Amino acid sequence: MCTGAIISRNIAETGRPILLKHRDISFSLSNHRGNRIEYESSVRFGKKGIISVVDSHSLDECSSLCGMNVAGFAIINTATYNLGTRDFNNQIAPSKLMYKALAECENAIGFEKMLERTARKMMPANYGIIDKDGNAFYYEVGEVSWTRIDVNNVKDNHITFTNFSQSGNKNNRIGLERCVTATAIMNETIEREKIITPRSLFDHISRSFRNEFINIDLKKQDNPFGDYFIDGIFIPLKTTTFSAAFQGGVAWVMLGYPPASVVVPVLMNRELPPFMCKSGEWQTAEICNKSFELKKKIFDINVGEGNKYFNFNRLYNTAGTGYMQQIEELEDWMYENFDPTFSEISLADFYKEYYNRIENTYNCILSEKTKDDQYSEFRLCGFDQKFDIIIPRKECYAKRVLKTLLNK
């Protein structure tokens, strides 16, 4: 389960198109939640010709969850479930195809030639690509054929997509609510801001708690259920593992759970920040692990069906003290001080200062004792007795319902 977006050069701040991939995994792949970035090699582009976001538990060196290469070509994908059979044993998986594209392609023309060569071998998927020529294309790739849309010529100047294909079975549209929500967010953001940046994509999509189907946006209205809300109906999910945006040779990456993670810019042909890479025995990047530690304080009910609920008040609140709000303040410094023309020395100094700020912010948040920490678990007092349940903080709707049930 993923959400993707392709932004036309016509509305991108620098005049270069943008790709966004917001990756989710299924609970059956929970061991694959960790990620890192790394250089990958290819015959055509050399030892450090590709920067990819990779699965920390994958042993396959020729695999990419999304990435860019030294030629200015970048690619993302989402799985699609209405465009044919998905067979991992007999088809080229998207992570394999994306590595192959990054290893071989300079532009859209090269990518399409590669698709033709691999016809009848491909696992159905949706892809977004951009290249150094300013092209931005969306592809729906089936088992034996593919279709293409030129995003630079689309009326709305963007395309958002999730886990179905427009050219596929109309009755099987997995991720429709996320697609509808992301599209509405994009249209409103363009109308309000006129231009799109990687930051606007992260802030408004990857950290969105809005659902168009039920007309709710937790960042703009009071949570009707108190501090907690149910997971699974917004773009960020408990199973989200990263968000990444690509534009003009810069990868902007949030490893881990985006509402609890921090954006880090990465440049091609430069040293990668150590805290975003494999380190010693750790296959998962340090920053990814930090976000997962913080996520534990958000998904803090760990008995019964409690893992389906998250404490939105800790993430975002009217006092401006939510974890997400503190992280966005941290990112203000990064966006103001990052320069894609940094020298090697200046870039190293930037990463060092940014890491110190990240470390301080996470340490402060993780050491906070909130009022309801003592109620992070429901206490159950026997199956043949009434449940003694402590609900944190205010008299929310869920608490009133529980009281009614317990008093019967």
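Here the structure is shown first, and the text comes after it.
Keep in mind that this is a model prediction, so the values were computed, not measured. (Residues numbered from 1 in each chain as written. Predicted model: local features only at pLDDT ≥ 70, side-chain atom pairs only at ≥ 80, totals over all residues. Heavy atoms only, no water.)

Colleague: What should I look at first to understand the sheet that holds strand S16 (residues 264-267) in this one?
Modeller: Two orientations exist for strands paired in a sheet by backbone hydrogen bonds: parallel and antiparallel. Read from one edge to the other, the open sheet built from six strands follows the order S10-S1-S2-S14-S15-S16, with strand pairing classed as antiparallel. Whereas interior strands pair on both sides, the edge strands pair on one side only; in this sheet they are strand S10 (158-161) and S16. Each strand axis lies, on average, 15° off the axis of its neighbour in the sheet, ignoring direction. As defined by bridge partners, strand S1 (residues 2-7) adjoins strand S2 (residues 18-24) across six bridges and the pair is classed as antiparallel. Counterpart to Ile6 in the pairing with S2 is Leu19. (Pairing = 2+ DSSP bridges. Helix = DSSP H or I, 4+ residues; strand = E, 2+ residues; numbered from the N terminus. Axes fitted to C-alpha atoms, helices over the stretch in contact; angles between N-to-C directions.)

Colleague: What's the story with a nonpolar patch on the surface in this structure? I'm lost.
Modeller: Together, Leu176, Val180, Phe213 and Ile214 make up a nonpolar patch on the protein surface, roughly 340 Å² of accessible area in all. Position of Leu176 relative to the elements: it lies in helix H3 (residues 176-193). By relative accessible area, Leu176 is classed as partly exposed at 31%. (Patch = residues over 30% accessible without salt bridge, like charges linked within 9 Å, V, L, I, M, F, W, Y side chains within 5 Å. Areas by Shrake-Rupley, 256 points an atom, 1.4 Å probe, with all protein chains shown as cover. Salt bridge = Lys/Arg side-chain N within 4 Å of Asp/Glu carboxyl O. Buried < 20%, exposed > 50% of the residue type's maximum accessible area, 1.4 Å probe, protein only.)

Colleague: Honestly, the pairing of strand S5 (residues 66-69) in this entry has me stumped. Any pointers?
Modeller: Looking along a regular strand, one sees side chains alternate from face to face of the sheet. Neither face of S5 is left uncovered, since the one carrying Cys66 and Met68 and the one carrying Gly67 and Asn69 both have all their residues buried. Here four bridges tie strand S4 (residues 46-55) to S5, and the two strands are oriented antiparallel to one another. Of the residues in S5, the one forming a bridge with Ile51 is Met68. When S5 meets strand S6 (residues 74-79), the two strands line up antiparallel, connected through two bridges. Note on S6: the bridge partner recorded for Met68 is Ala74. Here S5 folds back onto S6, and the loop between the two strands holds four residues, one of which, Gly72, carries a positive phi near 95°.

Colleague: How do you make sense of the nonpolar core when you look at a structure like this?
Modeller: General note: in soluble globular proteins, nonpolar side chains tend to be found buried as a group. Core analysis: the largest hydrophobic core is formed by 84 residues, its most contacted members being Phe246 and Phe310. Broken down by element, this core gets its largest block of residues, seven residues, from helix H8 (residues 344-367). Setting aside residues no more than four positions away along its own chain, Phe246 makes contact with Pro17, Ile18, Leu19, Cys66, Gly67, Met68, Ala74, Ile76, Ile130 and Ala251. Core analysis: the second largest hydrophobic core is formed by 21 residues, Leu97, Tyr99, Met114 and Val141 among them. (Core = buried A, V, L, I, M, F, W, Y, C linked by side-chain atoms within 4.5 Å. Contact = heavy atoms within 4.5 Å.)

Colleague: In this structure, what is going on with empty space enclosed by the protein? I would like to understand it.
Modeller: If a probe as big as a water molecule is rolled over the atoms, it shows which places are left empty. Applying the stated criterion across every chain yields a total of one cavity of 30 Å³ or more. Looking at the largest cavity, its volume works out to about 30 Å³. If you trace the largest cavity, you find it lined by Ile37, Ile51, Ser52, Val53, Cys66, Gly67, Phe246, Ala251 and Val253. Within the residue set of the lining of the largest cavity, elements represented by two or more residues are S4, S5 and strand S15 (250-255). Residue composition of the lining of the largest cavity, grouped by class: seven nonpolar, two polar and no charged. (1 Å grid on protein atoms, 1.4 Å probe; cavity = no way out; pocket = protein on both sides within 12 Å on 5 of 7 lines; lining within 4 Å. Points joined across faces, edges and corners; volume = space filled by probe spheres on them. Nonpolar A, V, L, I, M, F, W, Y, C, P; charged D, E, K, R; others polar.)

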